[in-house]
2 protein chains.
Amino acid sequence: MQRKEFTIDCQLCIHLKDSLFNGLSPEDLSRINNHKTCIQYKKGQNIFYEGTRPTGLFCINGGKVKVFKNNVQGKEFILYIAKPGDFLGYRALLSEEFYCATATVLEDAKICFIQKENFFEVLQKNPVFMKKVVKQVCQQMGIMEERMAELAHKSVRERLAGSLLMLKETYGMEGEESVLLDIALSREDWASLVGTATETVIRLLSDFKADELISFEGKKIRVLDPKRLAKQADLIVA
Amino acid sequence: MQRKEFTIDCQLCIHLKDSLFNGLSPEDLSRINNHKTCIQYKKGQNIFYEGTRPTGLFCINGGKVKVFKNNVQGKEFILYIAKPGDFLGYRALLSEEFYCATATVLEDAKICFIQKENFFEVLQKNPVFMKKVVKQVCQQMGIMEERMAELAHKSVRERLAGSLLMLKETYGMEGEESVLLDIALSREDWASLVGTATETVIRLLSDFKADELISFEGKKIRVLDPKRLAKQADLIVA
DNA sequence: GGCGATTTATGACAAAAGTCATGTTTTGCC
DNA sequence: GGCAAAACATGACTTTTGTCATAAATCGCC
């Protein structure tokens, strides 16, 4: 696997404002900047593997990455889909554990790697940054708790509708009325995200299409009727 | 709802060694100690409610507490079962959000309440404590990710077997061969923990009993054969 | 100690979702 | 442009799980 490097200055990174590094002092940011390695990844390449020891932090500059767990039969479950500006792998770093998930590139990505020593140094020196990281982790945890409860008690149909709306928030490109999801997921990835079988996703997406809730646009999905989709996501009874 | 208070000195608390407060300097600990309120709760009482604003941190001195989310149809999903020494409600405190779950006493409890101002003060002054809190949150998150993947791809049978083994770790009272789970959960609570219907839990527990994997002892369950139960928890195929 | 309420248990059935087989379409690549 | 591989789609069928009804057991309380 060839390592194609690239160069970017953190200070000039367009994702800085969306990132946890936003607000860092110029010295701290340049400490990060001067010690990072930036690598280009192709679709399908892995960034880190479940069960290995983390050695640093990944910061996504471009592209999309899925973070997933593999079960014994090899079925994936997608924990997150990370976008530019997101940090990756800091959970395991802070809990001092091995990675409990694998990260794979969904769409060609540019990713910066920050050695854990540099990350920890800035973290320790900078209580405000620490506080932001903690806040982020705790927010993420709230999201997970919500998702877990849905996994426990919602039907696959409801969860799929919910996932469509969730991705709409992050990847939705507003048009008139409808919204194109600017992310190309295979049916298998959708299944891993929702926690179901590929065939089930295919059937349900076809249903949604037949009901004119969504339409297909190449490998992408257009959300035609978010409101009715939201009804599908909640409860048939409600 | 009557508030029965009680008194306990943090320095003398038998759970201090298991708690995140362990290792705090005498001054910091006495700051916590001097500003806390200790309340006795009866089974069924609520400690905090989903959707309300957290005002402090709960530290469990005795008893057992379930933390759960309620879905639209009123179905519960239990996120955690907290035991003496555990902190409660700090996630929402650190993410500066409303509680996203409700906490209810499962077995009569003694709980200390620490105003958020005092908690944050100690947190800010004490980077080592902060680091421990962060580590704890991140570990918890790893556990949640694991559980979420199981929820997505394991059968109810596997998850129930897994929950029995999980509670065995915390509440197991070792005997010869078998282990009594020292926690009295209703079938409904088991269902909320596993993420299924009450009837399904009843049937599966009966199955496990018929297979001599477990036995019933009053309201408690005795694990007779952890190894075979572990096989049930993993994969029928494996 | 008995009575009503709650919890546990069981059966019958329906609905949801998974699996397997097979076919079709799309994609990547030489 | 053609071919193999991968992705997508559909049908048939099975299994799992949820729901509803009802009965039995247990608990709390006067």
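Use the structure listed above.
Owing to the predicted nature of the structure, the values given are computational and were not obtained by experimental measurement. (Residues numbered from 1 in each chain as written. Chains lettered and ligands numbered in written order. Predicted model: local features only at pLDDT ≥ 70, side-chain atom pairs only at ≥ 80, totals over all residues. Heavy atoms only, no water.)

**What about the overall build of chain A?**
When helices and strands are counted, chain A shows eight helices and eleven strands. Scaling as 2.2 N^0.38, a compact globule of 238 residues should have a C-alpha radius of gyration of about 18 Å, and chain A matches this with 19 Å. The principal-axis extent of the C-alpha atoms belonging to chain A is close to 55 × 40 × 40 Å. Considering chain A as a whole, with its 238 residues, one finds that 51% of them fall into the buried category. Expressed as a percentage of contacts within chain A between residues at least 6 apart in sequence, the contacts between residues at least 24 apart total 71%. In the form shown here, chain A has an accessible surface area of approximately 11,400 Å², with 51% of it arising from carbon and sulfur atoms. Of the side-chain charges in chain A, 34 are positive and 32 negative, and the distance between the mean point of each set is 2 Å. (Helix = DSSP H or I, 4+ residues; strand = E, 2+ residues; numbered from the N terminus. Rg over C-alpha atoms; globule rule 2.2 N^0.38 Å. Buried < 20%, exposed > 50% of the residue type's maximum accessible area, 1.4 Å probe, protein only. Contact = heavy atoms within 4.5 Å. Areas by Shrake-Rupley, 256 points an atom, 1.4 Å probe, with all protein chains shown as cover. Lys, Arg positive; Asp, Glu negative; His and termini not counted. Charge placed at Lys NZ, Arg CZ, Asp CG, Glu CD.)

**Some points on the pattern of salt bridges**
Per the stated rule, a full pass over the model turns up 35 salt bridges over all chains. Residue lysine 125 of chain A pairs with glutamate 121 of chain A through a salt bridge whose shortest N-O separation is 4.0 Å. In this pair, lysine 125 of chain A and glutamate 121 of chain A are both assigned in helix H3 (residues 116-125), four residues apart and thus about one turn of the helix distant. On the basis of relative accessibility, which here comes to 54%, the residue lysine 125 of chain A falls in the exposed class. What makes glutamate 121 of chain A partly exposed here is its relative accessible area of 30%. Where lysine 168 of chain B meets glutamate 169 of chain B, a salt bridge forms, and the shortest distance between an N and an O atom there is 3.7 Å. Taking relative accessible area as the criterion, lysine 168 of chain B reaches 16% and is therefore assigned buried. Look at the salt bridges and you will find they share partners, linking Arg31, Glu121 and Lys125 of chain A into a network. (Salt bridge = Lys/Arg side-chain N within 4 Å of Asp/Glu carboxyl O.)

**With respect to the relation of the copies chain A and chain B**
With an RMSD of 0.0 Å, the fit of chain A onto chain B corresponds to turning through 180° and sliding 0.0 Å along the axis. The superposition operator between the copies reduces to a two-fold rotation axis. When the interface residues of chain A are mapped onto chain B, 100% of them again fall at the interface, so both copies present the same face. (Least-squares fit on C-alpha atoms with pLDDT ≥ 70 in both.)

**Thoughts on the protein's contact with DNA strand D**
Arg187 and Lys219 of chain A together with Val156, Thr196 and Arg203 of chain B are the nearest of the 15 residues found near DNA strand D. Of all atoms in DNA strand D that approach within 4 Å of the protein, 61% are sugar or phosphate atoms. Secondary-structure elements contributing two or more residues to the surface near DNA strand D are helix H7 (198-210) of chain A together with helix H7 (198-210) of chain B. Of the residues forming the surface near DNA strand D, the biggest block, four residues, is contributed by H7 of chain A. (Near = heavy atom within 4 Å.)

**Some details on the interface of chain A and chain B**
A common way to express how large an interface is: the accessible area buried when the components associate. Listed per partner, the contact involves 39 residues of chain A and 39 residues of chain B. Together chain A and chain B conceal approximately 3,900 Å² of surface at their shared face, both sides included; 71% is due to carbon and sulfur atoms. Broken down residue by residue, the surface that chain A buries against chain B is led by Glu145, Met148 and His153 of chain A, which jointly contribute 19%. At the surface where chain A touches chain B, the tally comes to six salt bridges. Put simply, glutamate 146 of chain B and lysine 69 of chain A hold a salt bridge, and the shortest N to O gap is 2.9 Å. (Buried area = accessible area lost by both parts, 1.4 Å probe.)

**Topic: the sheet that holds strand E10 (residues 214-217) of chain A**
All names here are of chain A. The sheet built from four strands is open, its strands ordered E8-E9-E11-E10 with antiparallel pairing. This sheet does not close on itself; its edge strands, each paired only once, are strand E8 (172-174) and E10. Averaged over all adjacent pairs, the angle separating strand axes in this sheet is 30°, with direction ignored. Across three bridges, strand E9 (residues 179-181) lies against strand E11 (residues 220-223) in antiparallel orientation. Bridged to leucine 180 within E11 is arginine 222. Along the sheet, helix H5 (residues 156-171) contacts E8, E9, E10 and E11; its crossing angle with E9, the most-contacted strand, is approximately 95°. (Pairing = 2+ DSSP bridges. Axes fitted to C-alpha atoms, helices over the stretch in contact; angles between N-to-C directions.)

**Brief notes about the sheet that holds strand E8 (residues 172-174) of chain B**
Residues and elements named next belong to chain B. Ordered by their spatial adjacency, four strands build an open sheet running E8-E9-E11-E10, and the pairing between neighbours is antiparallel. Looking at the sheet topology across the chains shown, the edges are occupied by E8 and strand E10 (214-217). With direction set aside, neighbouring strand axes in the sheet form an average angle of 30°. Here E8 runs beside strand E9 (residues 179-181); their pairing, made up of three bridges, is antiparallel. Residue methionine 173 lies in a different strand from E9, and its bridge partner there is leucine 180. Set on the sheet, helix H5 (residues 156-171) makes contact with E8, E9, E10 and strand E11 (220-223); between it and E9 the angle comes to about 95°. Set on the sheet, H7 makes contact with E10 and E11; between it and E10 the angle comes to about 110°.

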